[in-house]
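Residue strings, one per chain:
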Protein chains: 2
Amino acid sequence: MFLSKLTPVPKAHAIIENTIKQASIENPIEKIPLENAHQRVIAQDVTSLLDSPPFDRSAMDGYAIRAQDTFGFSQQNPVKLNIVDRIGAGSKSNVILKSGEAVKIATGAPIPQGADAVVMEEYTQEEGDDLEVALSLTPGENVSFKGEDIQKEDVVLGKNRLLKAQDLAIIASAGYSEVEVFRKPLIGVITTGSELVMPRPDIHDAEVINSNHYTIKAMVESSLAIPTLIHLEDDAPLVKKEFKKLIETHDAIITTGGTAISKGDVVVDVADELGEVLIHGVTLRPGKPFAFAQVQNKPVFMLSGYPVAAMVQFDVMARKHLLKMQNLERTPLLIQKTATRKIPSTLGRTDYVRAKTDGEFVEPLKIKGSGIIRSMVESNCYVVIEENLEGIGEGELCDVLLYDSLRV
Amino acid sequence: MFLSKLTPVPKAHAIIENTIKQASIENPIEKIPLENAHQRVIAQDVTSLLDSPPFDRSAMDGYAIRAQDTFGFSQQNPVKLNIVDRIGAGSKSNVILKSGEAVKIATGAPIPQGADAVVMEEYTQEEGDDLEVALSLTPGENVSFKGEDIQKEDVVLGKNRLLKAQDLAIIASAGYSEVEVFRKPLIGVITTGSELVMPRPDIHDAEVINSNHYTIKAMVESSLAIPTLIHLEDDAPLVKKEFKKLIETHDAIITTGGTAISKGDVVVDVADELGEVLIHGVTLRPGKPFAFAQVQNKPVFMLSGYPVAAMVQFDVMARKHLLKMQNLERTPLLIQKTATRKIPSTLGRTDYVRAKTDGEFVEPLKIKGSGIIRSMVESNCYVVIEENLEGIGEGELCDVLLYDSLRV
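Small disclaimer: the values here were computed from a predicted structure and weren't measured.

### Some remarks on the overall build of chain A
Helix and strand counts for chain A stand at 7 helices and 28 strands. For chain A, the C-alpha radius of gyration of 31 Å lies well beyond 22 Å, the compact-globule estimate for 408 residues. Referenced to the eigenvectors of the C-alpha coordinate spread, the extents of chain A come out at roughly 95 × 50 × 45 Å. Within chain A, buried positions represent 49% of all 408 residues. For chain A, the proportion of contacts with a sequence separation of at least 24, taken over those separated by at least 6, is 69%.

### Here's the deal with the relation of the copies chain B and chain A
The transform that puts chain B on chain A rotates by 180° and translates by 0.0 Å along the axis, for an RMSD of 0.0 Å. The transformation just described matches what one would write down for a two-fold rotation axis. A share of 100% of the interface residues of chain B reappears at the interface of chain A, consistent with the copies meeting face to face through the same patch.

### Remarks on the interface of chain B and chain A
Tallying the contact residues gives 71 residues for chain B and 71 residues for chain A. Elements that contribute at least two residues to the side of chain B that touches chain A include exactly α2 (165–173), β15 (208–209), α3 (212–222), α6 (307–324) and α7 (374–378) of chain B. By residue number, the principal contributor to the side of chain B that touches chain A is α2(B), which donates 8 residues. Among the residues forming the side of chain B that touches chain A, the class breakdown is 35 nonpolar, 21 polar and 15 charged.

### What to know about the sheet that holds strand β17 (residues 252–256) of chain A
Residues and elements named next belong to chain A. Across the sheet, which stays open at both edges, the 6 strands sit in the order β16-β13-β17-β21-β20-β18 with mixed pairing between neighbours. Sheet topology places β16 (226–232) and β18 (276–280) at the edges, where each strand pairs with a single neighbour. Each strand of the sheet is rotated relative to its neighbour by a mean of 20°, with strand direction disregarded.

### Considerations on the environment of Glu329(B)
By secondary structure assignment, the location of Glu329(B) is in the loop between α6 and β22 (335–339). Between the alpha carbons of Glu329(B) and Leu162(B) there is a distance of 9.9 Å; along the sequence they are 167 residues apart.

### Comments concerning unusual backbone geometry
Note the cis peptide between Ser52(B) and Pro53(B), where omega equals -5°. Here Pro53(B) lies in the loop between β2 (46–47) and β3 (57–58). In this model, Arg285(B) is joined to Pro286(B) through a cis peptide bond whose omega is -5°. Within the secondary structure layout, Pro286(B) lies in the loop between β19 (284–285) and β20 (291–295). A positive phi angle, near 45°, is found at Asn27(A), a position not held by glycine. Take Asn27(A): it is sitting in the loop between α1 (9–22) and β1 (29–33). One non-glycine residue, Gln39(A), lies in positive phi territory at about 65°.

### Side note on the domain arrangement of chain A
By the assigned domains, chain A splits into domain 1 (9–28 + 184–324), domain 2 (31–52 + 149–182), domain 3 (57–144) and domain 4 (335–406). Each of domain 2 of chain A and domain 3 of chain A was reduced to a C-alpha centroid, and the two centroids are 35 Å apart.

### Comments concerning the sheet that holds strand β7 (residues 117–120) of chain B
Residue and element names in this part refer to chain B. The strand order across the open sheet built from 6 strands is β7-β4-β6-β5-β9-β8, with neighbouring strands paired in mixed fashion. Either end of the sheet is taken by a strand with one partner, and the two such strands are β7 and β8 (124–127). Strand after strand, the sheet turns through a mean of 35° between neighbouring axes, direction not considered. When strand β5 (residues 79–87) meets strand β6 (residues 101–105), the two strands line up parallel, connected through 5 bridges. Residue pairing for β6: Arg 86 is matched across the bridge by Lys 104.

### Concerning the packing of helix α1 (residues 9–22) of chain B against α6(B)
Residues and elements named next belong to chain B. Between α1 and α6, the least distance of the axes is 10 Å, while the angle of their chain directions is 25°. When the axis of α1 is compared with that of α6, the two are roughly parallel. For the pair α1 and α6, the crossing hand works out as right-handed. Contact with α1, carried on its side by Val 9, Ala 12, Ile 16 and Ile 20, involves Val 316, Met 317, His 321 and Lys 324 of α6 and no other residues of that element. A per-class count over the contact of α1 with α6 returns 6 nonpolar, 1 polar and 1 charged.

### Re helix α5 (residues 266–274) of chain A
Val266(A), Val267(A), Val268(A), Val270(A) and Ala271(A) are the residues of α5(A) that are buried. Those residues of α5(A) hidden inside the fold are in contact with β13 (186–192), α4 (236–249), β17, β18, β20 (291–295) and β21 (298–303) of chain A.

### Observations regarding the packing of α4(A) against α5(A)
Think of two packed helices as two axes; the pair is described by the angle between the axes and how far apart they sit. Residues and elements named next belong to chain A. Two numbers describe how α4 lies on α5: the axes approach to 10 Å, and their chain directions differ by 55°. Relative to α5, the element α4 is oriented oblique. Classified by chirality, the crossing of α5 by α4 is right-handed. Together, Ala 236, Val 239, Lys 240, Phe 243 and Lys 244 of α4 and Val 266, Val 267, Asp 269, Val 270, Glu 273 and Leu 274 of α5 make up the contact between the two elements. Its residues assigned to classes, the contact of α4 with α5 shows 7 nonpolar, no polar and 4 charged.

### Thoughts on the environment of Leu135(B)
Residue and element names in this part refer to chain B. Within the fold, Leu 135 resides in the loop between β9 (130–133) and β10 (143–144). Given 16 C-beta atoms within 10 Å, Leu 135 falls into the partly exposed group. As a C-alpha pair, Leu 135 and Pro 78 span 57 residues in sequence and 6.8 Å in three-dimensional space. If we skip the residues at most four places from it in the chain, Leu 135 touches Thr 70, Phe 73, Ser 74, Gln 75 and Tyr 123.

Criteria and cut-off values
- Residues numbered from 1 in each chain as written.
- Chains lettered and ligands numbered in written order.
- Predicted model: local features only at pLDDT ≥ 70, side-chain atom pairs only at ≥ 80, totals over all residues.
- Helix = DSSP H or I, 4+ residues; strand = E, 2+ residues; numbered from the N terminus.
- Rg over C-alpha atoms; globule rule 2.2 N^0.38 Å.
- Buried ≥ 20, exposed ≤ 12 C-beta atoms within 10 Å, placed from the backbone.
- Contact = placed C-beta atoms within 7 Å.
- Least-squares fit on C-alpha atoms with pLDDT ≥ 70 in both.
- Nonpolar A, V, L, I, M, F, W, Y, C, P; charged D, E, K, R; others polar.
- Pairing = 2+ DSSP bridges.
- Axes fitted to C-alpha atoms, helices over the stretch in contact; angles between N-to-C directions.
- Domains from an automatic or database assignment.
- Parallel < 35°, antiparallel > 145°, perpendicular 65-115°, else oblique.
- Left-handed = near helix turned anticlockwise from the far one by under 90°.

Here it is in structure tokens:
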């Protein structure tokens, strides 16, 4: 089978989004130890079980005092106080501080009852139990008040957020050692092509090294999903059998190869037999022979065999949808740069031109062919030229998508 | 012990760099399967063992022909050729193509001897072994030539590069299924503090939740290193014993807590006993009580116990050096934004002000205290104010460091 008309890229996204929305992801949420939650997408709102700080505490190493006792005193005229207790981190003083008294206190320790400020060690002189304080303090000085950071019952973090280091700190401080996150989607990856072999120092006849095995694995991982990789020859019954097996145990399938709009390409035919092919060919360059199907209510992304076309198709047509499968919304961020030379484009195609940007300028690479892997290695961005543009003139501003901005 | 003078941030970096340069990292290079090399730092130059493509191959599904046979022909006046062979992907034709002949060919298959162009299927009509070609081709059209992407002996990738998906493709195409990378540094992380407990729904007396356990683990991981975490009470003999054990089996140590410039803080004293404390206190805010030591020729980063101070110290003083331990050079990229309001700063301190940027503007958060974790969660960047500045005025441009730009 093949569809005769190319699907415009925005319409293709709408079709894929709709399929993902309806997709059946089994047990989408899992509870994991907080220490494994870095770079996971949180599936719950986090309501604090605690106040943080849990008590009024000292923000400094010094002496807890009554601020009033120091009013009017200074370096020239220090006030004399009496040290009645000393508490380290993790300890608590039971004294009730009276006027004229001080408690030696470590950073983080609770302020004793009766005290309302902490004077830093630097401004004091201690001799035995006598203390001289050489400045006037205001009430609350160097005190972190109970609940200042988080109050009990506060929602400290909303769901659908990719967890960063600092997010883990606030979840911990809210009292949780475990957290609910969206399960990473399991992606079955099938590289097809009878000509493909694994890398080795010498290759024969019509053999081609299967570089997609490596790039698709890495790209799936960088989309926070878990790939299972298999390679198959261009044999329809075999592809059908393995495809059926893989889709049972995975949340989505990605294939490479076998999508060209011609006879003899097996992947799209197999997807058509097992489900419904919704897209076959998009207005994307490179990457036109992208196909997409819904099989057993799961999304199937069919990429080209050509390495560069497959990479562009993954970046443009698959990446954001894999993220969406774990409820992470990402829209690629386009920035504006000045083209160092003319970049031709064809009306009716969204072009992703490999380019190198440095400062305010962007230089398209001089390359041809969707098989040229080197162009992906030497570039650091795409120049994105929308369908309705006939190209970019030298010195004109254009839309640039940094490879680095695709990472999550 | 304590040093009485604060070390300026740039000088502190020079001291750390120098220590890392001399550091003894055992077996720094390891050979790993290429499929595990994504986000690793390559330790070798990659010289291609192969040409890629390995032969002149078809860039399209179509028919290999002699371009000359089509000269002058068109849609109105198609040329008639004779199909003498048909080859799929992974196959090779043994025919030597003569004038008037065509070989049906799949994308990627070798061009038969005698042919010099491929006509796309779309421009042909096949009936039995008769073929009509409805356009005039130029020699080389739709042919990917041998070595067009990579030539044998080419250096396709230099060492000290963080490997991206596309880099794996070129290493594979150069013939390698394994690659030498720098070993991930092993980092012993000691959180200290007798008051610290793991998260739980209720805490008592002077207990504080050990959020650093989670953030430092995540931050070390995001620096491509492998953390081992232990927690210890503020007990000098115990800290000394565990520190000695940990440093034997790790490439660096990071501690939190026990760095304040006062008595009773054990970590700096232990580092001083076991090695040499080179920095104790830096002109950084928040994060002044940062310390650094060289112990057994290994770097020891001593961070504050306060979560926010520890995060800033990690970002500013540790992150780039951990990356450098695996030969990755990263200088944080400052961008310019307009301050929405006045940001005060003190001469002689490098300020890292938590802020939120959106478009061209940056808004400093209204918070106080280095214990306020929420400020790290609600901000997305630092405003960096150098030592020689007394602050930023409303509407002035200032240096901004995006949290996202710290990722590798």
